[in-house]
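Spelled out, the chains give:
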Amino acid sequence: MRLFVAVMPPGVALTELGDAVDALRALPGADGLRWTERAGWHVTLAFLGEVGEDLLPGLVERLDRAARRHHPFGTGLAGGGRFGDRTLWAGLDGRSRPDGRNGQEMARVAEAAQAAARRAGVHYEDEHDRFHAHLTLARQRGHHGRVGLRPFTDALAAFRGTPWTADSIALVRSHPPAPGVPGAQPRYERLRTCPLGH
């Protein structure tokens, strides 16, 4: 099964972001992008790839243990950016502490989730990538960037959603989109919610 570990923003945060994305989708070129579905919006901490069902019990146990070692932390959806001209994303920040340490806390939780997966015997694809907290909004439809993403990131620059507290991480299964259906999106199934600090 194809798995990842994620933080799931609360409904109010997703509604605010959805309003901002509605404005983005009215910009020239928006039809040339493949937009992600709101129902699947999440912040990936560790993409684990294909994981054998036999590893699932140990993975769940280690993720639970890792989550308990970290306290809930404040964050919020804010601004946006792009990976080249391939992917458009909304950013996150930590705003409930003046020293900015909450922004680092999500990276620490991501590292703990990655370490838990390794200890459970999972060899995941992002092992050597530096963690960058983001929520994917859209991708280019083809392999070569045709739509310039700069106007979209400029439009997102002023976006700042209501702060919220991340109090859990989730182990999620990704079901592939229906083959041959234009615009079909993957379906996400939450297998486990691991509370932080409990």
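Just so you know, these numbers come straight off a predicted model, no measurement behind them.

### Regarding the side chain of histidine 134
Mapped onto the secondary structure, histidine 134 falls in strand β6 (residues 134-140). Reaching out from histidine 134, the side chain makes a polar contact with the backbone oxygen of histidine 132 at a distance of 2.7 Å. Excluding residues that lie within four positions of it along the chain, histidine 134 makes contacts with His42, Val43, Thr44, Phe83, Trp89, Ala90 and Leu92.

### Re the pattern of salt bridges
Within the structure shown, the criterion is met by eight salt bridges. Between aspartate 22 and arginine 38 there is a salt bridge; the shortest N-O distance is 2.3 Å. A residue pair is termed long-range when its members are at least 10 positions apart, and aspartate 22 in helix α1 (residues 11-24) and arginine 38 in the loop between β2 (33-35) and β3 (43-50) qualify at 16 residues. Across the pair glutamate 61 and arginine 65 runs a salt bridge whose closest N-O atoms are separated by 2.8 Å. Highlighted residues: glutamate 61 and arginine 65, both in helix α2 (residues 56-68), separated by four residues, approximately one helical turn. Judged by relative accessible area, glutamate 61 falls into the partly exposed class, the value being 46%.

### Quick notes on the confidence of the model for the protein
Of the residues in the protein, 89% have a pLDDT of 70 or more, and the chain-wide mean is 89. Note that pLDDT drops below 50 for residues 96-102; the model gives that stretch eight contacts with residues more than four away or on any other chain.

### Focus: the sheet that holds strand β5 (residues 87-93)
The antiparallel open sheet is built from five strands, whose spatial order is β2-β6-β5-β4-β7. Of all the strands in the sheet, the pair left with one neighbour each is β2 and β7 (164-166). Pairwise comparison of adjacent strand axes, ignoring direction, gives a mean angle of 40° for this sheet. Pairing between β5 and β6: five bridges, direction antiparallel. Residue pairing in the sheet places tryptophan 89 in a bridge with threonine 136 of β6. Across the face of the sheet, α1 comes into contact with β2, β4 (73-83), β5, β6 and β7 while running at roughly 25° to β6.

The rules behind the values
- Residues numbered from 1 in each chain as written.
- Predicted model: local features only at pLDDT ≥ 70, side-chain atom pairs only at ≥ 80, totals over all residues.
- Heavy atoms only, no water.
- Helix = DSSP H or I, 4+ residues; strand = E, 2+ residues; numbered from the N terminus.
- Polar contact = N/O pair within 3.5 Å; in protein donor to acceptor, adjacent residues only side chain to side chain.
- Contact = heavy atoms within 4.5 Å.
- Salt bridge = Lys/Arg side-chain N within 4 Å of Asp/Glu carboxyl O.
- Buried < 20%, exposed > 50% of the residue type's maximum accessible area, 1.4 Å probe, protein only.
- pLDDT = per-residue confidence, 0-100.
- Pairing = 2+ DSSP bridges.
- Axes fitted to C-alpha atoms, helices over the stretch in contact; angles between N-to-C directions.

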